[in-house]
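Coordinate analysis (summary)
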Amino acid sequence: MSVDMVEIQEKASEPVRTAGVLQQNRVFLDFFWDLAKPDQEVRISAVENLLKYLKDNNKEDELEYTVKRLVDGLAHTREAARPGFSLALGQLLNAFEDLTLQNILDRIKEKYNVQKAPKKFIRNAAFGSLFGVLALHQSGRLFNEPLAVLGCVQLLQDLTQQRQHLKDLPSKTMMDILTEVPEKVFEEVLLTALQSDLASAFQTPEQLRLLLVALERFPHTLEPKKLKKLLGSSTIITNDNIEKLTHILKLAAHAVKKECVLPPVALDLLKLSLREDSFQLFWNKAITEGMLKESWGPTHFLSFRLLGRALPFLSLSQLKEVLSGKVMIHYGEHVVSAQKQERFKLAPEMETYVSDFLEGCEDAEKQLAVMVSFSSLVNQGYPVVPSVWRVVRHLRPAVLQDYVAWLRTSFLRPRVNEMLNFTSRKQKEREDEMENSEQEFVFRLRKWIVARLASIVDNNQVKKDEELIMEIARFVFFHAFFTTKKICAAIPETEDELHVPLDGKTRAVLVGSFFGLLLSMHNLPQADEASKGELTSHKRTLGVTSDGSLWLYRVVEYAQELLRTHTFVSSVNPFNADQRLAWESMLESVASLQKKAKKGHSVESSSFQQLFLLVGMHLFKAPDELAGVMQDLQSCVEKAQEKKAKKKKKKASKQEEAEPEWVEVLVDILLSLLSQPSRQIRQVCKTVFASVCPHVNAAALTAIMDVLDPDKEGEEDGPVLVEDDAEKSQKKTEEDDDEEMEEESDKSGDDSEDDNNEEAMEEEVDQNFKLELLKVLQPKKTKATEEEASDDDLSDDAMMEQDKSLAIHFAEQKKKIQATKDAKDKIRKEKMLVRDFKIKVLDLVEVFVTRQAGSPLVLDLLEPLLYMIERGMRSGNEQQEQDFLRRAADIFRNQLCRSKVYCKTAEDRQEELHNLLDKLMTKTQKLSESSVGLYYFSAALYVVKVLRGATSAENKDEQATSKTGVDLRFMGNVDVERVAGVFREALHSFMSRRKSPLTTQMFTDLFNRFPVLCVNLLDATVPHITSGVREHQQAQACILVLRAMQNRDVQQLMSGAPWLEFCTKVAAQLAAALKLEGQTESKALREKVVKALELCQFLVKHVHQRKLSVELVDLKKVLQVMTEVIAFKNSGTLEDTYWAVMKHFGVMKPKVEKTKPDKDAGQPPMPQQAAKKQKGFLPESKKRKKRPQPVLEPAAAAANSAPMANKAGVEKGQGKKKNKKKTKRAADVEAAQAGPAKKKMKMPAESKLVKKKKKKNKQKKEGGGQV
């Protein structure tokens, strides 16, 4: 293998290699080629194979050659090759101990002498030396030869001067050697060699780290006396050295600015300070007073990273000291200021440091100290760490319990003075403007604490027991809805007193967090789910504790306990009599459901329990609205149970018949509950509706579809919209507060004001406002002064009055504009809320379609869903509209039309379904878009499937045999003639209209799913091969006929004479369609020909295979003359299909022999070249016309003709010179044929004549063009 480096030694000194085995054995030489490959696996494999080869052959000349090639490859210019050769050399030295390391080191020094190498080869020599030392180190024998160790270290010391090429690689290699060298070798050999480097440790970060590594590895060798002799002090970290250390840390910080890592020397200094018991001196002087005094940049980031890396090495007292110092405050300022997208963020790195510390820490006190310290770093009360912090999952259960206790205590008694609070520059500027800053501080802190408590429950990776979960839930619920009167031992929440009372904003946050907490508890896995044994076979039940009780029921029991002890606690919003009655009835209903559930587990009873409990908990939030819902829900459940008990009896009074069914009332209740902004209510409503799906009747289903009707948007749920709007606006305020940062808040405030002003200026000016302004600006004047009066004549009082009037009018106009904007915004929000509510209602539709796909009621959903999809296609492009449309379309296509389960008992609705089919197909043909027509056509196919019912093959097992003729002809209750007529009319519309919403794929689906209808439609399809309104429709007719002929079921239904007659008709139509006349280059015509040829191919092949007596002579004649009518150029598909058809007739495609161009043949005549359009030339119409030359006297004409000729010659000569590298243009060729211009001899005269001509033309212009 050749190495792209010029040999440093003279070539004459190299021994001449004799020809022998080395030149003949390609296997041996290929190993060296593979060592330079970029693939690491190939290089490793080459090393292994090379060593195996050398061991097996054991030839000295090959071993010597290998050493030479590997040493040469150390300086390979390819970066991937150097590690390969270095690894191979190291493994070779490890395998063959006869090779001395000193000898190899001498070879490396001799070959890669940086001092003697030419300047352009210094980089290669440096890399060769470095990788040579690495090879010796990797051999594993380096420390057995002390002189070799010394030589390697000295060579590395020399390489440190080549920092521009090697950076800090020599220093790192020296560190690696020091970490492995025995102390005896270091003391006897290396200490003297490293004397100068150790003495100058305070000059560079590399030299200081060398000293630190040596101190850590050999503390007995570098004892304090020897250290004092080297550095002048027995310890490294002293008051005298602190400035030097700070300077080195700054250099190291700037050196790794781009890498964004912690310099190793910083961590080594930290460890040394702990060993020397000088940590406080190092941290306070070097980091706090040294690094942080610099301007924002690498020194600060080094301090933050060092803080994170230092956590595992510090004691408890040191942790508390460091985590409450200035470094933490500066880190908090960085987190607050780095919220913008383009700024560098260190928070993810710090989270990794804390996560690693908590994961590996066994000390509970240290874990708690770190969590408390980071939670206490606040910006005006709001902690800088996120409320959802993933590091919490590493806390031990006991530590988590203590941390939750600290959070609760901080909520009750906010320790403003104990928090590590900081304020940004802009916040300090606004301190005077802010009012009640302490209350705002407490509010922000409490909001974060509540979110942190909720996140602990929500995170399934956090190791927590059920008691802790209930403790958090009780705490949040109590402070959201109750206050303490007296201390009660049975209620632990009353024992802690609030030092700062809760305000309305904090209670609103608690209420929202509590219901989010209920959802998290509902989705919690069971405690013993990790050791699944019995639960693997069935689906996991949601919202259940380890003992089988509901989480909701536990919370309700706690709420009932609070309501009973009214002497100790009081409700923030006490229940009135009706609301209290609703609560008590809820408890009774749940108790009765639990009793029945003990007799036999029922999904329905469990769902109703959850619904009762959830509505009961929401009574604390909206008692006025849900008290009536609770009573209706209770009556529904009672009626449902009575219905089941008296199912066999047919006794029903007239009063009962007049009342709505219980399921209808239940559906109304579920719809009203879905308007609540709660994900848990949405889940529970979905579960309850799924359990009562078998009892849903037409009226209940109609109530659901009425909500989704686009024409009834403005008629319903007015109060719901107001309620949702308030809730959503409150949520948005909370999110804005959670992510609030000062710089962005200031800018957003200014930007919003500017935007409002710009929008106000863009509003259309009201004409009435104009008239009012004119009245103010033009007051009534007396007749005596009417002619002389002006604005300047007004007195000061009059001007002031006018200004006041103008200000009043402008203020009123601004209020009107703002009111208009608010009204538009309110309408927009209401539309969003209505659409969001309808998306929730679609859950019920999806559940019904999935659970009751075989119910006849599903047929009543077709038209409403189609109408929703059609209206959705015409609606706006808002994301919510698109989500609603996508969801409705998915339910219709995938859950309804494509379901394997469908209604198979529709005998009593035959006429209704046939009329529905007529209506759907009529509507399909009147649509303007095929995207909507696809859904209508799918609905029509679904109706046909329902009318047909279940075939005998479907009623059997899946392992039944193939379909028989009786099964194929079975159409159940379908009136075949009527249905075929409907689809025949649609097919005629598709083939006779230029723009039709119908597509070929629709009829293809019809043919595949219902072969009987396909047979009835083929007679109407075949004539359209020639009678289609355009070539496109004729091509589509060919596709439909081809798909029908390929269908095995159609072939079986038409077997015999009908099939023979059909093939004859198709052949005749194809023969007529392929008689091409006139223009044959149109794209549509060629498409038609391709599709017709594809049909021909199948037809001819089928006739020949089945040996049918179909006359194909006319078709063959038409095909034979086709090549004369239509050209196959640039159409590979057309040509291939044509010859594939002709192959069945025995006509093969002629082979085209490739002929080489004749080199001796003359060039084509010039007129053809001239006729070819040359690139880069303007057409004649675009060329500039020559201006008419004035008539000159003979002398003047002769004088002017000479320079023009010379100029033309110069231009031609320049054109020739310029076009040497480019293709010659035709004009240049003609100029060259006319004769070359003599450029050099005419240059002086030419320049003078040109100047005279310019001067004369100037005189003519000034003289008016005289001749």
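What counts and how
The written sequence of each chain sets the order in which its residues are numbered from 1. With the structure being a predicted model, the display of local features is reserved for residues of pLDDT at least 70 and the display and counting of side-chain atom pairs for 80 or more, all residues being used for whole-chain, interface and lining totals. Hydrogens and water are ignored here; the side-chain numbers use all heavy atoms of the structure. In DSSP terms, a helix is any run of H or I states spanning at least four residues, a strand is any run of E spanning at least two, and both are numbered starting from the N terminus. Categorising residues by exposure relies on relative accessible area from a 1.4 Å probe, with only protein chains included: less than 20% of the type maximum marks a residue as buried, more than 50% marks it as exposed, and the intermediate range marks it as partly exposed. Contacts are assigned to residue pairs with any non-hydrogen atoms lying within 4.5 Å of each other. Here, Shrake-Rupley sampling with a 1.4 Å probe gives the accessible areas, and only protein chains in the shown set may cover a residue. Counted as salt bridges are all cases of a side-chain nitrogen of Lys or Arg within 4 Å of a carboxyl oxygen of Asp or Glu. Each residue after the first adds 1.5 Å to the expected span of a helix. For two strands to be treated as a pair, DSSP must find no fewer than two bridges joining them. Only the contacting stretch of a helix is used when fitting its axis, a line to C-alpha atoms as for every element, and angles between N-to-C directions run 0 to 180 degrees. Whether a crossing is left-handed or right-handed is set by the direction in which the near helix is turned from the far one by less than a right angle, anticlockwise for left-handed and clockwise for right-handed. In this classification, the charged set is Asp, Glu, Lys and Arg, the nonpolar set is Ala, Val, Leu, Ile, Met, Phe, Trp, Tyr, Cys and Pro, and all remaining amino acids, among them Gly, are polar.

**With respect to the overall build of the chain**
Across its full length, the chain carries 60 helices and 5 strands. Counting every position in the chain, which comprises 1267 residues, the buried fraction comes to 45%. Nonlocal contacts in the chain, meaning residues at least 24 apart in sequence, comprise 75% of its contacts between residues at least 6 apart. Taken as a whole, the chain presents about 70,500 Å² of accessible surface, with 50% of it coming from carbon and sulfur.

**Quick word on the pattern of salt bridges**
Opposite charge on two side chains allows them to pair when their charged atoms are near. Across all of its chains, the model carries 37 salt bridges by this definition. In this structure, the salt-bridge partner of E64 is R107, at a minimum N-O distance of 2.4 Å. Here the residue E64 occupies a position in helix 4 (residues 60-73), and R107 occupies one in helix 6 (residues 101-111), the gap between them amounting to 43 residues. We note a salt bridge from K111 to D72, for which the minimum N-O separation is 3.1 Å. One end of the pair, K111, is in helix 6; the other, D72, is in helix 4, and 39 residues separate them in sequence. For the residue pair K111 and D72, the accessibility class agrees, reading buried in each case. Here the salt bridges share partners, and the residues they tie into one network are R682, D843, E846 and R887.

**Quick word on helix 50 (residues 1031-1046)**
Look at helix 50: 23 Å from first C-alpha to last across 16 residues, which is about the 22 Å you get at 1.5 Å a residue. Counting buried positions along helix 50 yields 12 of 16 residues, so the element is predominantly enclosed.

**Considering the sheet that holds strand 3 (residues 420-422)**
On the basis of which strands lie adjacent, the open sheet formed by 3 strands has the order 2-1-3 and mixed pairing. Looking at which strands have only one partner, the edges of the open sheet turn out to be strand 2 (382-383) and strand 3. By the bridge criterion, 2 bridges tie strand 1 (residues 377-379) to strand 2 in an arrangement that is antiparallel. Within the sheet, the bridge partner assigned to N379 lies in strand 2 and is Y382.

**A few points about the packing of helix 3 (residues 40-57) against helix 5 (residues 81-95)**
For any two helices packed against each other, the geometry is given by the interaxial angle and the distance between the axes. For the pair helix 3 and helix 5, the least separation of the axes is 10 Å and the interaxial angle reads 30°. Helix 3 and helix 5 meet at a crossing whose hand is right-handed. When helix 3 is examined against helix 5, the residues R43, I44, V47, L51, L54 and K55 are found in contact with a partner set consisting of G84, L87, A88, Q91, L92 and A95. Partitioning the contact of helix 3 with helix 5 into residue classes produces 8 nonpolar, 2 polar and 2 charged.

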